[in-house]
Amino acid sequence: MAKTGSLPSFVKANDEIKTQRPSREEAEAAVRTLIRWAGDDPEREGLVGTPDRVVRSYEEFFAGYDEDPVGMLERTFEETDGYDEMVVLRDIRLESHCEHHMVPIIGKAHVAYLPGKRVVGISKLARVIEVYAKRLQIQEKLTAQVANTLQTVLQPRGVAVVIEAAHQCMTTRGIRKPGVTMVTSRMLGAFRDDPRTRAEFLAMIGGAGQRRSGGDD
């Protein structure tokens, strides 16, 4: 078992969100204000406990701000008997929130890498996706963050990430187009440079992301 070497400072700097958080009481007061703005009475029986419940749910929805995805990947394994083929984790359930409307983004992620000298536990791949998803996001940024972090920390020969998701900011409001799925991809290293490697990955995940198989433009 090995730990990776030192990381460029920009990796951790980009992950840090420095902001002054309000108190729990202030957060609950903000929820009561929104209830009044919506036209209801926050003191009526059905709503009196809602501010507390909303704040507790936000602690779950946005738990990714309190976790370090880089640290999760630093414990790796070198005893692989020379395994150097693709490692793929597909159909990872993804739940995030749109940073423009703060409504859910629901979908799945597929991630792959070509090991260099080390591999990482597969649960860590899913955890990295979870950490970045549990923040206010746009799908394009989420896709890039996951791929860039895996490439920087694991230093593999390549990384591929494809995310397919439905955005409630589009399906339940505004243009209201249910059934629409957004697909984004980020291909690095061999997945970007070698069409055969990219095609093998896309075949493994069922062809998702074919329309963006050229890279992350």
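Residues numbered from 1 in each chain as written. Predicted model: local features only at pLDDT ≥ 70, side-chain atom pairs only at ≥ 80, totals over all residues. Heavy atoms only, no water.

A. Region of interest: the pattern of salt bridges. What the rule picks out here adds up to 11 salt bridges. Between D194 and R196 there is a salt bridge, with its nearest N and O atoms 3.5 Å apart. Here R196 falls in the exposed class, since its relative accessible area comes to 67%. Residues joined in a network through salt bridges with shared partners are R24, E28, D52, R56 and E59. (Salt bridge = Lys/Arg side-chain N within 4 Å of Asp/Glu carboxyl O. Buried < 20%, exposed > 50% of the residue type's maximum accessible area, 1.4 Å probe, protein only.)

B. Just the packing of helix α2 (residues 24-38) against helix α3 (residues 50-61), in detail. One can describe the packing of α2 onto α3 by two numbers: an axis separation of 9 Å at closest approach and a directional angle of 115°. Handedness of the crossing formed by α2 with α3: right-handed. Contact residues: R24, A27, E28, V31, R32 and I35 in α2; T50, P51, D52, V54, V55, R56 and E59 in α3. Per-class residue counts for the contact of α2 with α3 are 6 nonpolar, 1 polar and 6 charged. (Axes fitted to C-alpha atoms, helices over the stretch in contact; angles between N-to-C directions. Helix = DSSP H or I, 4+ residues; strand = E, 2+ residues; numbered from the N terminus. Left-handed = near helix turned anticlockwise from the far one by under 90°. Contact = heavy atoms within 4.5 Å. Nonpolar A, V, L, I, M, F, W, Y, C, P; charged D, E, K, R; others polar.)

C. Here's a closer look at α3. Here α3 is 12 residues long and its end C-alpha atoms lie 16 Å apart, about the 16 Å a rise of 1.5 Å per residue gives. Listed in full, the buried residues belonging to α3 are T50, P51 and V55. Angularly, the buried residues of α3 cover 130° about the axis, an arc narrow enough to put them on a single face. (Expected span 1.5 Å × (residues − 1). Arc of directions from axis to C-beta.)

D. Layout of the pairing of strand β4 (residues 104-114). In terms of residue burial, β4 counts as a mostly covered element, since 8 of its 11 residues are buried. Relative to β4, strand β3 (residues 87-98) runs antiparallel, the two being bridged by 9 bridges. Across the sheet, residue R93 finds its bridge partner in β4, namely K108. In this antiparallel pair of consecutive strands, β3 and β4, the connection spans 5 residues, and M102 shows a positive phi of 60°. The sheet contact formed by β4 and strand β6 (residues 158-167) spans 10 bridges and is antiparallel. In the sheet register, Y113 faces β6, and the bridge partner there is V159. (Pairing = 2+ DSSP bridges.)

E. View of unusual backbone geometry. Of note, D91 is a non-glycine position whose phi angle comes to about 60°, a positive value. Tracing the sequence through the fold places D91 in strand β3. Given a relative accessible area of 44%, D91 falls into the partly exposed group. Backbone geometry places R176, a non-glycine residue, at a positive phi of 50°. Position of R176 among the secondary structure elements: in the loop between α7 (168-171) and β7 (182-189).

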